[in-house]
Amino acid sequence: MKIINKWLVQLLKIIIALLEKKEKEDIVNKTEIPIEDKGVNILIIRDTLTEESTIGQLFLNGEKFCETLELPYRGNQKSISCIPAGKYDVRLRVARESATRDYLHLLVENVHNRTYILFHRGNRAKDTRGCILVGQTRQQDFVGNSTLAMNLLMKEIINLGGENIKLIIKNT
């Protein structure tokens, strides 16, 4: 019986290795197919302002995707304010580029007088120093299921090509 179990374990390991190899080949083959890149468009509509936070809705290529939480607007001051409404370029930022984030996230580029404005996980204003938090649910001064929202957002952005990412932020 032990010999059969060892044989089955070895067989399963071989099958898993073959499936992983096939998956990697499929990814490479997919990237070789020319696809018209229309880019990724993120729209944040800020709709709830409190003393503690700014809550909004994130739309990905025109479809409602998740909720956002930012600090209130305080003159674009570093670490205590959300960034101004406007248009921004965004790029994927891998974990090895960050001292504090050990997962794939987004970096908002060319923000006037600000650096390292990220999209990342978090639930409350205390979890950000000017960045944009994402969540699946919202309450006053809170977004929930942030890790799930972040993972889904990154997966969808990668599925859309992961390049030419544009962000528009609007206040209501």
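Up top you'll find the structure we're talking about.
Residues numbered from 1 in each chain as written. Predicted model: local features only at pLDDT ≥ 70, side-chain atom pairs only at ≥ 80, totals over all residues. Heavy atoms only, no water.

Participant: Explain the overall build of the protein to me, please; I cannot follow it from the model alone.
Facilitator: In terms of helices and strands, the protein carries two helices and ten strands. Helices and strands in the protein line up, N terminus first, as α-β-β-β-β-β-β-β-β-β-α-β. Residue burial in the protein is summarised as follows: out of 172 residues, 35% are buried. Long-range pairs, those at least 24 residues apart, make up 49% of the contacts in the protein between residues at least 6 apart in sequence. Carbon and sulfur atoms provide 54% of the accessible area of the protein, an area that totals close to 11000 Å². (Helix = DSSP H or I, 4+ residues; strand = E, 2+ residues; numbered from the N terminus. Buried < 20%, exposed > 50% of the residue type's maximum accessible area, 1.4 Å probe, protein only. Contact = heavy atoms within 4.5 Å. Areas by Shrake-Rupley, 256 points an atom, 1.4 Å probe, with all protein chains shown as cover.)

Participant: Is there a simple way to think about unusual backbone geometry in this case?
Facilitator: One can expect most non-glycine residues to show negative phi and most peptide bonds to be in trans. With phi around 55 degrees, Tyr116 is a residue other than glycine that occupies positive phi space. Position of Tyr116 relative to the elements: it lies in the loop between strand E5 (105-109) and strand E6 (117-120).

Participant: Would you take a moment to explain the pattern of salt bridges for this structure?
Facilitator: Between side chains of opposite charge, a pair can form as their charged atoms come close. All chains considered together, the criterion is met by seven salt bridges. The residue Arg138 makes a salt bridge to Asp47 at a minimum N-O spacing of 2.5 Å. One end of the pair, Arg138, is in strand E8 (residues 137-139); the other, Asp47, is in strand E1 (residues 40-49), with 91 residues separating them in the sequence. On the accessibility criterion, Arg138 (29% relative accessible area) is partly exposed. As a salt-bridge pair, Glu109 and Arg91 come within 3.4 Å of each other at their nearest N and O atoms. Of this pair, Glu109 sits in strand E5 while Arg91 sits in strand E4 (residues 86-93); the two residues are 18 residues apart in sequence, bridging distant segments of the chain. On the accessibility criterion, Glu109 (27% relative accessible area) is partly exposed. Put simply, Asp47, Lys64, Glu67 and Arg138 are held in one network by salt bridges that share partners. (Salt bridge = Lys/Arg side-chain N within 4 Å of Asp/Glu carboxyl O.)

Participant: So what exactly am I meant to see when it comes to the layout of surface pockets here?
Facilitator: The gaps left among the atoms become clear once a water-sized probe is rolled over them. A volume near 290 Å³ is recorded for the second largest pocket. Forming the walls of the second largest pocket are 14 residues, and the residues nearest its centre are Ser79, Thr115, Tyr116, Arg129 and Cys131. Its residues assigned to classes, the lining of the second largest pocket comprises four nonpolar, five polar and five charged. (1 Å grid on protein atoms, 1.4 Å probe; cavity = no way out; pocket = protein on both sides within 12 Å on 5 of 7 lines; lining within 4 Å. Points joined across faces, edges and corners; volume = space filled by probe spheres on them. Nonpolar A, V, L, I, M, F, W, Y, C, P; charged D, E, K, R; others polar.)

Participant: How should the sheet that holds strand E3 (residues 63-70) be read in this particular structure?
Facilitator: Whenever strands of a sheet pair, they do so through backbone hydrogen bonds, lying parallel or antiparallel. Taken in spatial order, the eight strands close into a barrel running E1-E2-E3-E7-E6-E5-E4-E10, and their pairing is mixed. Taken over all neighbouring pairs, the strand axes of this sheet differ in orientation by 30 degrees on average, direction set aside. Where E4 and strand E10 (residues 165-171) come together, five bridges link them in antiparallel fashion. If you follow Tyr88 over to E10, its bridge partner there is Leu167. (Pairing = 2+ DSSP bridges. Axes fitted to C-alpha atoms, helices over the stretch in contact; angles between N-to-C directions.)

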